[in-house]
Amino acid sequence: MAQLWGGRFTKETDKLVYAFNASISFDKRFYRQDITGSIAHVTMLEKQGILTGEEKQAIIGGLEGILRDVEEGTLAITEEYEDIHSFVEAVLIERIGEPGKKLHTGRSRNDQVALDMKLYTREEVKETDNLVGELLEAILKIMDENLDTYMPGFTHLQKAQPVTLAHHMGAYFEMFWRDHIRLLGLYDRMNTCPLGSGALAGTTYPLDREYTARLLGFDGPTLNSMDGVSDRDYLVEFLSDLSLVMMHLSRFSEEIILWNSNEYQFVEIDDAYSTGSSIMPQKKNPDIAELVRGKTGRVYGALQALLTTMKGIPLAYNKDMQEDKEWAFDAMDTARGCVRLFTGMLETMEFHKDRMEASARHGFTNATDAADYLVNRGVAFRDAHGIVGQLVLTCIERGIALDELPLEEYQKICPVFEEDIYEAISLKTCVDKRVTIGAPGREAMEQVLKTYHKAMDNWKKDEK
Ligand code: ARG
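The paragraphs below set out a description of the structure included in this document. These figures come from a predicted structure and were not determined experimentally.

**A short note on a nonpolar patch on the surface**
A contiguous nonpolar patch, built from Leu 200, Met 226 and Leu 315 and spanning about 270 Å² of accessible area, is present on the exposed surface. Here Leu 315 shows up in the loop between helix H11 (287-310) and helix H12 (326-348). For Leu 315, a relative accessible area of 61% corresponds to the exposed category.

Below is the structure:
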């Protein structure tokens, strides 16, 4: 067992206590961030005259060696150390001797871990955002190709009014675009550097915190050292953002599961993203979509756990905060994996346009438009509603769609109907007459698509 604070204790810490306290099994995942932070710290210490040039060189050389060896697999991060910080420092001292003992000058593990977690999370925010970008591209492609693919729009899971596949997909574009905007905003809000906060009250060394902040790509240092070591708000925000991403993915998954069912057959999930049953040979199950839906709970759980952990913690650092990691890491891995797989599933999914259109035609989704037809010819809406209700009933009895009912039947119920009723209630008319912005009509959709493409292009430009 190797810990940094052995001097104050007389007997060996009980093994169980030690294991309970240790975090290396999970904080080893940010070894790279820990070393990057240390290199910035040492660079600053030398600039400020706290370390000599040789000491700095020796330490940085040692740290880079450790990084290389861990990455090449020749140096294992073993659990005999309490945490990743102790591991790196101990190996450094073992390798370079005296200068290694100066690495931790003007620093505490409290500001060190606050920095490591922030650096790690910041990268995750970026990567997740990029994956959300790929998902948005996939959705946009489906939209571009399906402006005239008619399908039923639902309320209460009942066919309601006709929309297009492009319009339906557009709702998800909106959701994931908001997710993207949230991640962007989070990146900006969280981008301050806690390094130099010390244990809680800064240090007496003349540290240049602006300098380390800049070296590490932050906008500046955190402005209160007590908050610097104990702020985990950004992580709560990230878990909340990921929960929303998962909620959106889960809703989308649920629809795909329905659409892929024998009853709907609106889509067919590619073989690569479905699995068979061990007993029922006819089955092809939408496992990936189901798993995405199922994993949503884990991510919500991580958010709840962190909120609960943080709520009772007095300032400043307390060991409770070590609990910010395991679930958060799990949530980050889960959400990232889900976005990636979902995008792949979507890109390879086949849409059965004919089935969608037939479903829209046979669900009386044009009933509102038939009523509007009468209203436009002077019938009061309430009366028109009743008349079309009767027509629907007749059609249900005969097992036909509204556009299959002969004109005489229309006129029997209401003489205002004329031959042009068929044109008025065609899916194309029903959709294309809805041209207020946000509606599924082609004209409105084309305008919206232009906005989406521009937004995506600007995003890609900003990346460069
Ligand atoms: N493993 C600890 C954590 O994750 C590192 C900070 C330790 N600081 C302390 N004062 N014990 O929070």
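**Brief notes about the nonpolar core**
Counting 97 residues, the largest nonpolar core has Phe 87, Ile 139, Met 143, Leu 249 and Leu 346 as its most contacted members. Not counting chain neighbours up to four residues away, the residues in contact with Leu 346 comprise Leu 135, Ala 138, Ile 139, Ile 142, Phe 252 and Ile 256. Counting residues in hydrophobic clusters, the runner-up holds 22 residues, among them Tyr 373, Cys 395, Leu 402 and Ile 421.

**Considerations on the site of the ligand**
Near the ligand you find Ser 23, Asp 27, Asp 83, His 85, Arg 109, Asn 110, Val 113, Tyr 317, Gln 322 and Lys 325, and these make up its full shell. Within the side chain of Ser 23, one N or O atom sits 3.0 Å away from a nitrogen atom of the ligand. Contact with the protein chains covers 86% of the free accessible surface of the ligand, which is 340 Å². In terms of residues, the shell around the ligand owes the most to one element, helix H6 (residues 109-145), which gives 3 residues. Of the residues contributing to the shell around the ligand, the split by class is 2 nonpolar, 4 polar and 4 charged.

**Thoughts on the packing of helix H10 (residues 233-259) against H12**
Where H10 meets H12, the closest approach of the two axes is 10 Å, and the angle between their N-to-C directions is 35°. Along this stretch, H10 crosses H12, giving a crossing that reads as left-handed. Contact with H10, carried on its side by Leu 235, Phe 238, Leu 239, Leu 242, Val 245, Met 246, Leu 249, Phe 252, Ser 253 and Ile 256, involves Ala 328, Ala 331, Met 332, Ala 335, Cys 338, Val 339, Phe 342, Met 345 and Leu 346 of H12 and no other residues of that element. Here the contact of H10 with H12 is built from residues that sort into 18 nonpolar, 1 polar and no charged.

**A short note on the pattern of salt bridges**
One pass over the full model with this rule turns up 34 salt bridges. The salt bridge involving Arg 29 is made with Asp 333; its shortest N-O contact spans 2.8 Å. Here Asp 333 lies in helix H12 and Arg 29 lies in the loop between helix H2 (24-27) and helix H3 (31-47), a separation of 304 residues in the sequence. For Arg 29, a relative accessible area of 31% gives the class partly exposed. Look at Asp 333 and you get partly exposed, because its relative accessible area is 33%. Two residues, Glu 409 and Arg 398, come together in a salt bridge whose shortest N-O distance is 3.1 Å. One end of the pair, Glu 409, is in helix H16 (residues 407-413); the other, Arg 398, is in helix H15 (residues 381-398), with 11 residues separating them in the sequence.

**Notes on the pairing of strand E1 (residues 150-155)**
The pairing of E1 with strand E2 (residues 158-164) spans 6 bridges and is antiparallel. Across the sheet, residue Phe 154 finds its bridge partner in E2, namely Lys 159. Remark: 2 residues form the turn of the hairpin made by E1 and E2, two consecutive strands paired antiparallel; His 156 in that turn has positive phi of roughly 55°.

**Focus: the environment of Glu 419**
You can see Glu 419 is positioned in the loop between H16 and helix H17 (421-424). Here Glu 419 falls in the exposed class, since its relative accessible area comes to 55%. For the pair Glu 419 and Leu 249, spaced 170 residues apart in sequence, the C-alpha to C-alpha distance is 45 Å.

**Description of the packing of H10 against H11**
Where H10 contacts H11, the two axes come as close as 8 Å, and the packing angle between them is 160°. Considered as vectors, H10 and H11 are oriented roughly antiparallel to each other. H11 is crossed by H10, and the crossing has left-handed handedness. Across the contact of H10 with H11, the residue classes break down as 16 nonpolar, 5 polar and 4 charged.

Reading the values: rules and limits
Residues numbered from 1 in each chain as written. Predicted model: local features only at pLDDT ≥ 70, side-chain atom pairs only at ≥ 80, totals over all residues. Heavy atoms only, no water. Patch = residues over 30% accessible without salt bridge, like charges linked within 9 Å, V, L, I, M, F, W, Y side chains within 5 Å. Areas by Shrake-Rupley, 256 points an atom, 1.4 Å probe, with all protein chains shown as cover. Salt bridge = Lys/Arg side-chain N within 4 Å of Asp/Glu carboxyl O. Helix = DSSP H or I, 4+ residues; strand = E, 2+ residues; numbered from the N terminus. Buried < 20%, exposed > 50% of the residue type's maximum accessible area, 1.4 Å probe, protein only. Core = buried A, V, L, I, M, F, W, Y, C linked by side-chain atoms within 4.5 Å. Contact = heavy atoms within 4.5 Å. Near = heavy atom within 4 Å. Polar contact = N/O pair within 3.5 Å; in protein donor to acceptor, adjacent residues only side chain to side chain. Nonpolar A, V, L, I, M, F, W, Y, C, P; charged D, E, K, R; others polar. Axes fitted to C-alpha atoms, helices over the stretch in contact; angles between N-to-C directions. Left-handed = near helix turned anticlockwise from the far one by under 90°. Pairing = 2+ DSSP bridges. Parallel < 35°, antiparallel > 145°, perpendicular 65-115°, else oblique.

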